[in-house]
Amino acid sequence: MSSAGTETKLATPRGGLGRRMASAFQHMKRDRQLLILFIPCLLFYVIFRYGPLYGLIIAFKDYSVFTGIMESDWVGLKHFEKFFSSPDFWLLFKNTLLLGVYNLIFGFPFPIILAILLNEVRVKWFKKSVQTLSYLPSFLSVVIISSMIIDFLSPNQGIINQLIAALGFEKTYFLIEPSWFRTIYVSSDIWATVGYEAIIYMAAIAGISPSLYEAAKVDGAKRRHMIFRITIPAILPTIIIMFVLKTGSMLRIGYEKVLLLYNPMTYEVADVFSTYVYRKGLLESNYSYGAAVGLFEAVVAMILLLSSNYFSKRLGGSGLW
């Protein structure tokens, strides 16, 4: 009896595993067309996201292009110690953190506000016009946006300085004033991304049942009451997820726009991790040191992402996973 019982116990997991595998194959067969469509996305991440992770090993080596990754000398944490003891570390950390925090504080609410306001507009032609104008900068490259900023803020022909002069004030050399750089960067980033990010919140608002608004009207609720009692609570899970993603990428300041906008006069407030990696890793060919700085930035970003996801689940009840 005991041997038969043992055989039954041993056979049960195998049978369960077999059923699960059969069910998985059935689902794959049923959804094969969707899986085929997913293959390019999977290949993209495998080739361009996970494949290059192998190269991070050079952060722990004195890499030379002539000897290759595997043959280069192993130096451990030498490059990290050099970076942490460098006088540039705290300056870079401060600049990157401030730009990321300002972007989060001032840039995150704008798409939400725009989506809610557009949802309240009843004049269709005006709503479509605002949507189109807000989306347009999303289709422009960073180079074009930066060129437009430089032209707008030009001390001689820039429209901003012309308006300032017309009002009787002195023209300002915005791009060489360190006190203006963060304002210019954050403002231009909001202008370039607000329309594209508002699409996500407008899609979430579109999923709200109209019966909720109708019931609120019957109860005598005004539009502002509907916004704060229906619209915002309904899109709160979307807001939390977007906030987690924004927090995770807070320190991932792209080097392109900073590189195009900064100059030696604004290095003290504009130099961030990504521009430092570009200068040290590519321009000075110090690949191992640049990889170490980039790896440190990625680790801090991952910690921020995990932390924000944890606290959002504790406080709001939802997160990315």
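All figures in this text were calculated on a predicted structure; none of them were measured in a lab.

Visitor: Can you walk me through the overall build of the chain in this structure?
Guide: Of the regular secondary structure elements, the chain holds 15 helices and two strands. Against the globule reference of 20 Å for 321 residues, the chain gives a C-alpha radius of gyration of 26 Å, more extended than a compact globule. In terms of overall dimensions, the chain has a C-alpha envelope of 100 × 75 × 35 Å along the principal axes. Looking at the chain as a whole, 32% of its 321 residues qualify as buried. The contacts of the chain with a sequence gap of at least 6 include a subset with a gap of at least 24, amounting to 63%. Of the roughly 20400 Å² of accessible surface on the chain, 68% is carried by carbon and sulfur atoms. Taking the average place of the 30 positive charges on the side chains of the chain and the average place of its 20 negative ones, the gap between the two points comes to 14 Å.

Visitor: For this particular structure, what's the right way to read the nonpolar core?
Guide: One recurring pattern in soluble globular proteins is that nonpolar side chains are buried together. Among the nonpolar cores identified, the biggest contains 42 residues, and Phe 108, Ile 112, Phe 181, Tyr 185, Tyr 201 and Val 258 are the most heavily contacted of them. Contributions of two or more residues to this core are made by helix H4 (88-107), helix H5 (109-120), helix H7 (142-152), helix H9 (178-206), helix H10 (210-218), helix H11 (223-248), helix H12 (255-261) and helix H13 (267-270). With 11 residues, H9 is the single largest residue contributor to this core. Sequence-distant contacts of Ile 112, defined by excluding residues within four places in its chain, comprise Tyr 201, Ile 235 and Ile 239.

Visitor: Would you mind going over unusual backbone geometry with me for this structure?
Guide: With the exception of glycine, the majority of residues adopt a negative phi angle, and the majority of peptide bonds are in the trans configuration. Positive phi is not limited to glycine here, since Ser 285 has a value of about 60°. Within the element layout of this structure, Ser 285 appears in the loop between helix H14 (273-283) and helix H15 (287-316). Of the residues examined, Ser 285 reaches a relative accessible area of 42% and is grouped as partly exposed.

Visitor: Would you explain the pattern of salt bridges in this entry?
Guide: Oppositely charged side chains can form a pair if their charged atoms are brought close together. All told, the structure shown has seven salt bridges when counted by the stated rule. The shortest N-O distance in the salt bridge between Lys 78 and Asp 62 comes to 3.4 Å. Placement of Lys 78 in helix H3 (residues 78-84) and of Asp 62 in strand E1 (residues 61-62) is noted, with a sequence separation of 16 residues between them.

Visitor: Looking at this structure, I do not really get the side chain of Asn 263. What am I missing?
Guide: With respect to the helices, strands and loops of the structure, Asn 263 is situated in the loop between H12 and H13. For Asn 263, a relative accessible area of 18% puts it in the buried group. Among the polar contacts made by the side chain of Asn 263, one reaches the main-chain carbonyl oxygen of Leu 175 at a distance of 2.8 Å. For Asn 263, the residues in contact, after removing those within four places along its chain, are Leu 175 and Ile 176.

Visitor: Please clarify how the packing of aromatic side chains should be interpreted in this entry.
Guide: In this description, an aromatic ring pair is defined by two values, namely the gap between the centres and the angle between the planes. Here the structure, examined in full by the defined rule, presents 28 aromatic pairs. Geometrically, the ring pair formed by Phe 84 and Phe 296 is edge-to-face, given 5.2 Å between the ring centres and 75° between the ring planes. Pair noted here: Phe 84 is in helix H3 and Phe 296 is in helix H15, with a separation of 212 residues, a long-range link. Note on Phe 84: relative accessible area 38%, which makes it partly exposed. Of the residues examined, Phe 296 reaches a relative accessible area of 15% and is grouped as buried. Among the aromatic residues, those joined into a cluster by ring pairs are Phe 83, Phe 84, Phe 89, Trp 90, Phe 93, Phe 273, Tyr 276, Tyr 289 and Phe 296. Sitting above the plane of the Tyr 185 ring, Lys 257 keeps its charged end 4.4 Å from the centroid.

Visitor: Would you mind going over the environment of Tyr 173 with me for this structure?
Guide: Note on placement: Tyr 173 falls in the loop between helix H8 (159-166) and H9. Classification of Tyr 173 by relative accessible area gives partly exposed; the value is 46%. Linking Tyr 173 and Met 202, residues 29 residues apart in sequence, is a C-alpha distance of 38 Å.

Visitor: Would you mind going over the environment of Lys 78 with me for this structure?
Guide: Residue classification places Lys 78 among the partly exposed positions, given a relative accessible area of 41%. Spatially, the C-alpha atoms of Lys 78 and Gln 33 are 50 Å apart, while their sequence positions differ by 45 residues.

Visitor: Before we go on, may I ask you to explain the packing of H4 against H5 in this structure?
Guide: For any two helices packed against each other, one specifies the crossing angle of their axes together with the interaxial distance. Where H4 meets H5, the axes come as close as 6 Å, and the angle between the chain directions of the two elements is 15°. Looking at the two axes, H4 sits roughly parallel to H5. Every residue of H5 that contacts H4 at Leu 104, Ile 105, Phe 106 and Gly 107 is listed here: Pro 109, Phe 110 and Pro 111. The residue makeup of the contact of H4 with H5, split by class, is six nonpolar, one polar and no charged.

Visitor: Is there a simple way to explain the confidence of the model for the chain in this structure?
Guide: One rule of thumb: low pLDDT means the predicted coordinates there are not for detailed reading. Residue-level pLDDT values for the chain average 86, and 93% of them are 70 or greater. Across residues 1-13 the pLDDT falls below 50, and counting only partners more than four positions away or on other chains, this stretch makes zero contacts in the model.

Visitor: Explain the packing of H4 against H9 to me, please; I cannot follow it from the model alone.
Guide: At a minimum axis separation of 10 Å, H4 and H9 run at an interaxial angle of 45°. Taken together, H4 and H9 sit at an angle that is classed as oblique. The interaxial crossing formed by H4 with H9 has right-handed handedness. The residues of H9 that touch H4, namely those facing Lys 94, Asn 95, Leu 98, Leu 99, Tyr 102, Asn 103, Phe 106 and Gly 107, are Phe 181, Arg 182, Tyr 185, Val 186, Asp 189 and Ile 190. Residue composition of the contact of H4 with H9, by class: eight nonpolar, three polar and three charged.

Rules used in this analysis
- Every chain's residues receive numbers from 1 upward, in the order its sequence appears when written.
- It should be noted that, the model being predicted, local features are given only for residues of pLDDT at least 70 and side-chain atom pairs only at 80 or more, the latter also being counted only at that level, while totals for whole chains, interfaces and linings use all residues.
- Calculation of side-chain values draws on the structure's entire complement of heavy atoms; hydrogens and water are dropped beforehand.
- Runs of E in the DSSP output that reach at least two residues are strands. Runs of H or I that reach at least four are helices, and both are numbered from the N terminus.
- Note on method: radius of gyration uses C-alpha positions; expected globular size equals 2.2 Å times residues raised to 0.38.
- Throughout this description, buried means an accessible area under 20% of the type-specific maximum (1.4 Å probe, protein chains only), exposed means over 50%, and partly exposed covers the range between.
- Only heavy atoms matter for contacts: two residues are in contact if any of them lie within 4.5 Å across the pair.
- In short, Shrake-Rupley with a 1.4 Å probe defines the accessible areas, and a residue's cover is counted only from the protein chains shown.
- Lys and Arg are tallied as positive, Asp and Glu as negative. Neither His nor the chain termini are counted.
- All charge positions are set by atom: Lys at NZ, Arg at CZ, Asp at CG, Glu at CD.
- Put simply, buried Ala, Val, Leu, Ile, Met, Phe, Trp, Tyr and Cys residues joined by side-chain atoms within 4.5 Å make one nonpolar core.
- Salt bridges are defined by distance alone: a side-chain nitrogen of Lys or Arg within 4 Å of a carboxyl oxygen of Asp or Glu.
- In protein, a polar contact requires one atom able to donate a hydrogen and another able to accept it; more generally it is a pair of N or O atoms within 3.5 Å, and residues adjacent in sequence count only if both atoms are side-chain atoms.
- We call Phe, Tyr and Trp rings a pair once their centres come within 6.5 Å, taking the six-membered ring for Trp, and we label the pair stacked below 30 degrees between planes, edge-to-face above 60, and tilted otherwise.
- Each ring is checked for a lysine NZ or an arginine CZ that lies within 6 Å of its centre and within 35 degrees of its normal; such an atom marks a charge sitting over the ring.
- For helices, the fitted line uses only the C-alpha atoms of the stretch in contact; every axis is such a line through C-alpha atoms, and the angle between N-to-C directions lies from 0 to 180 degrees.
- Reported orientations rely on four angle classes, namely roughly parallel under 35 degrees, roughly antiparallel over 145, roughly perpendicular from 65 to 115, and oblique for the rest.
- In the scheme used here, Gly and all other residues not listed as nonpolar or charged are polar, with Ala, Val, Leu, Ile, Met, Phe, Trp, Tyr, Cys and Pro taken as nonpolar and Asp, Glu, Lys and Arg as charged.
- Per residue, pLDDT measures the predictor's confidence, with a range of 0 to 100.
- Note on convention: near helix rotated counterclockwise from far helix by under a right angle means a left-handed crossing. Clockwise means right-handed.

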